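If you want the building blocks of each chain, they are given just below.
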Amino acid sequence: QVQLVESGGGLVQAGDSFRLSCAASGQTFTRYVMGWFRQAPGKEREFVAAINCGGSSTYYADSVQGRFTISRDNAKNMLYLQMSSLKPEDTVVYYCAPRVRYSGGYDYSDAYDYWGQGTQVTVSS
């Protein structure tokens, strides 16, 4: 099992860059594909990005492709989401999670579990 804590959220201006962090505890972090998702109040959780175990392959939602970069540091058990060219519609709570089920694609939220508590990002226009 993996325990996750997201951090780095806050208030930024549209067009700014920002980085979220996800700290994982436990010795199994490197076994998992890791993902970032986000969720607005009253809406379904939305896929943002995923990265394979070694960090060599990444996957992005069309809405963030070219603006966000997912990365991981397995030596530190850390996952990151570098966000740039932020837009007001990026204002949501961001979550990280490991992909624990081999069902669906990388964007299939039900394949992920052990969600962190989330971190709020607010982008002002």
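Further up the page is the structure itself.
Scope of this entry: the structure provided in the associated data block. (Residues numbered from 1 in each chain as written. Predicted model: local features only at pLDDT ≥ 70, side-chain atom pairs only at ≥ 80, totals over all residues. Heavy atoms only, no water.)

One finds Trp36, Leu79, Leu81, Met83 and Tyr94 to be the most contacted residues of the largest nonpolar core, which totals 36 residues. Contributing elements (two or more residues each) for this core: strand S3 (18-25), strand S4 (33-39), strand S5 (46-51), strand S7 (68-73), strand S8 (78-83), strand S9 (92-99) and strand S10 (119-124). Ranked by residue count, the leading element in this core is S5, at five residues. Apart from residues lying up to four places away in sequence, Leu81 is in contact with Phe18, Arg19, Leu20, Trp36, Val48, Ala49, Phe68, Thr69, Ile70 and Tyr94. (Core = buried A, V, L, I, M, F, W, Y, C linked by side-chain atoms within 4.5 Å. Buried < 20%, exposed > 50% of the residue type's maximum accessible area, 1.4 Å probe, protein only. Helix = DSSP H or I, 4+ residues; strand = E, 2+ residues; numbered from the N terminus. Contact = heavy atoms within 4.5 Å.)

What follows concerns the environment of Ile51. Looking at where Ile51 falls in the secondary structure, it is placed in strand S5. The class for Ile51 is buried, based on a relative accessible area of 1%. Residues Ile51 and Leu79, 28 residues apart in the sequence, show an inter-C-alpha distance of 9.1 Å.

Only one face of S7 is covered, namely the one carrying Phe68, Ile70 and Arg72; the face carrying Thr69, Ser71 and Asp73 has none of its residues buried. Bridge count between S7 and S8: six bridges; the pairing is antiparallel. The residue bridging Phe68 from the neighbouring strand is Met83, located in S8. Here S7 hands over to S8 after four residues, with Asn77 in that stretch at a positive phi of 55°. (Pairing = 2+ DSSP bridges.)

Counting across every chain of the model gives one disulfide. The disulfide bridge from Cys22 ends at Cys96, spanning 2.0 Å between sulfur atoms. Handedness of the Cys22-Cys96 disulfide follows from its S-S torsion of about 65°: it is right-handed. Here the residue Cys22 occupies a position in strand S3, and Cys96 occupies one in strand S9, the gap between them amounting to 74 residues. The buried category is assigned to Cys96, whose relative accessible area is 0%. Here Cys53 is not disulfide-linked; the sulfur of Cys22 is the nearest cysteine sulfur, at 14 Å. Judged by its relative accessible area of 27%, Cys53 is partly exposed. (Disulfide = S-S within 2.5 Å.)

A sheet is described by the order of its strands in space; here six strands give the open sequence S2-S10-S9-S4-S5-S6, paired in mixed fashion. Both edges of this open sheet fall to strand S2 (10-13) and strand S6 (58-60), since each of them pairs with a single strand only. In this sheet, neighbouring strand axes are inclined to one another by 25° on average, regardless of whether the strands run parallel or antiparallel. Alignment of S4 against S9, held across seven bridges, turns out to be antiparallel. Note that in S9 the partner of Gly35 across the bridge is Ala97. (Axes fitted to C-alpha atoms, helices over the stretch in contact; angles between N-to-C directions.)

Coordinates in, geometry out; function isn't part of it.
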